[in-house]
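Given next are the chains, with one letter for each unit.
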Amino acid sequence: MNAVKTLVIGTGGREHALALALSQDPSVTEVHAAPGNPGIAAVATLHEVDPMSGSSVADLAVALGVDLVVVGPEAPLVAGVADAVRDQGIAVFGPSGAAARLEGSKAFSKGVMEAAGVPTAGSRTCTTPDEVAAALDEFGAPYVVKDDALAAGKGVVVTRDRDEALAHAAGCDRVVVEEFLDGPEVSVFAICDGTTAYALQPAQDFKRIFDGGRGPNTGGMGSYTPLAWAQPDLAAVTLEQVVRPTLAEMGDRGTPFVGCLYVGLALTDKGPRVIEFNVRFGDPDIQPVLAVLDSPLGELLAAAAVGRLSHVPAPVFRDEAAVTVVLASAGYPESSSKGDVITGADLAEQRDGVDVIHAGTALAGDDLVTAGGRVLAVRAVGADVATARATAYAAADLVTFPGMQRRSDIAAEPLGVVEGASLR
Ligand code: AMP
Ligand code: GLY
């Protein structure tokens, strides 16, 4: 692979982890990021841009002369930012707006899964209260009601309370009502070039705000890999049963999928079932995966962006584990606190095997301050999950800010056990 100049679009922990991994790839000669954050500034050159504006992102990519743009978050992808960059003849890792509908519309994504024969929960797409009521009764409790549209993690309600399910549906234009899937949840990320795909090592994300899987859903409070308890062929099975049929279906529709297909799976007693598709890397779930990736990330993403994935080796992973613990701000997930001074992030970063990944931080003079819901993620590698976990928590203990929230049970037990407290 030739030298690659890269530009990462986004501001969060996912983009920091991607920029860091790109900076460690010898074939990557420059890493730029926009808008970025103070942590990303340590591994990339930052630029101002409106990430939702395709023309602004494309202009920046042209001005910098980059070979590869990686669009991190879903909102710009759904808005067609990758299309605008591709129109300038620059390779992009990230789907077109049309293909990003796999995340942008739950009903669309269900339709693709059905056409492709992908194992998933039975579902009904509903637009009236009567349709919703009928679908709830058809599938029974626990009820699963999903806003059809992108809802920044707030669109899904899983409840035994029929009135709560009806009320959530009433607040949405169109919903998907689904069969409840019972079993631990895992994240499998597939790097796709439109026809070929490679799966990364599976990870698990702890979504609830409080220990034991209590409290509201968040964007993710921590994650780890590998999943020693899961079936060893999980990545291969996901490629075979989910990713390849989906790529074939998207290709047949004239909207090939290029980018990361994030397969959220429930491991049920009938086998893996898709809970959802996302069209970008999961955050924080991708963070530990990148920490143990032993292949050059830039080469993989660049090959996928130009339809040449089969020309580079499949990714390999070190025989190590990694754990990420998220430090969230006061009020998260309902709200977030800005401007609280963070101390100790530099000390944590100096620990062996530790990276402090910035998600919602800003600089106020010389101070690092909070600037979002999820503020930092402390990521550690180790010989096994227990060791990585101990290192991550010891480093996280060095960091503090007013109102800081973190879970104490990330990677203590498989998620199916921990989060089982509420519904699973
Ligand atoms: P989603 O935004 O589709 O990932 O849904 C958010 C969360 O709701 C998931 O991470 C699951 O924990 C839960 N969930 C979604 N769909 C289902 C389902 N069919 N059965 C059980 N839980 C679900
Ligand atoms: N961690 C879940 C997500 O990225 O959607």
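Here the structure is shown first, and the text comes after it.
Residues numbered from 1 in each chain as written. Chains lettered and ligands numbered in written order. Predicted model: local features only at pLDDT ≥ 70, side-chain atom pairs only at ≥ 80, totals over all residues. Heavy atoms only, no water.

Engineer: With reference to specific residues and values, describe the packing of helix α6 (residues 106-116) against helix α9 (residues 234-252).
Structural biologist: Two numbers describe how α6 lies on α9: the axes approach to 9 Å, and their chain directions differ by 105°. By the angle class used here, α6 and α9 are roughly perpendicular. Packed against α6, whose contacting residues are Phe108, Val112, Ala115 and Ala116, the element α9 presents Pro245, Thr246, Glu249 and Met250 at the interface. (Axes fitted to C-alpha atoms, helices over the stretch in contact; angles between N-to-C directions. Helix = DSSP H or I, 4+ residues; strand = E, 2+ residues; numbered from the N terminus. Parallel < 35°, antiparallel > 145°, perpendicular 65-115°, else oblique. Contact = heavy atoms within 4.5 Å.)

Engineer: Outline the side chain of Gln287, supporting the account with residue identities and numerical values.
Structural biologist: The topology assignment puts Gln287 in helix α10 (residues 286-292). In this structure the side chain of Gln287 is engaged in a polar contact, spanning 2.8 Å, whose partner is the side chain of Asp283. Apart from residues lying up to four places away in sequence, Gln287 is in contact with Gly13, Arg14, Ala17, Thr324, Ile357, Ala377 and Arg379. (Polar contact = N/O pair within 3.5 Å; in protein donor to acceptor, adjacent residues only side chain to side chain.)

Engineer: Any details on the sheet that holds strand β11 (residues 197-199)? Residues and values, ideally.
Structural biologist: Across the sheet, 4 strands lie side by side as β11-β10-β16-β17; this open sheet has antiparallel pairing. The open sheet is flanked by β11 and β17 (271-278), the only strands paired with a single partner. Within the sheet, the average angular offset between the axes of one strand and its neighbour, ignoring direction, is 30°. Helix-sheet contacts for helix α11 (residues 297-305) involve β10 (185-193), β11 and β16 (258-268), and the interaxial angle to β10 is about 60°. (Pairing = 2+ DSSP bridges.)

Engineer: Provide a residue-level description of empty space enclosed by the protein, including the pertinent values.
Structural biologist: Under the criterion given, the structure shown has 4 cavities of 30 Å³ or more. Here the largest cavity is characterised by a volume of approximately 80 Å³. Around the largest cavity, the lining is made up of 14 residues, and of these Lys106, Ser109, Ile275, Glu276 and Phe277 lie nearest the centre. For the lining of the largest cavity, the secondary-structure elements that each account for two or more residues are α5 (101-104), α6, β9 (175-178) and β17. Per-class residue counts for the lining of the largest cavity are 5 nonpolar, 3 polar and 6 charged. (1 Å grid on protein atoms, 1.4 Å probe; cavity = no way out; pocket = protein on both sides within 12 Å on 5 of 7 lines; lining within 4 Å. Points joined across faces, edges and corners; volume = space filled by probe spheres on them. Nonpolar A, V, L, I, M, F, W, Y, C, P; charged D, E, K, R; others polar.)

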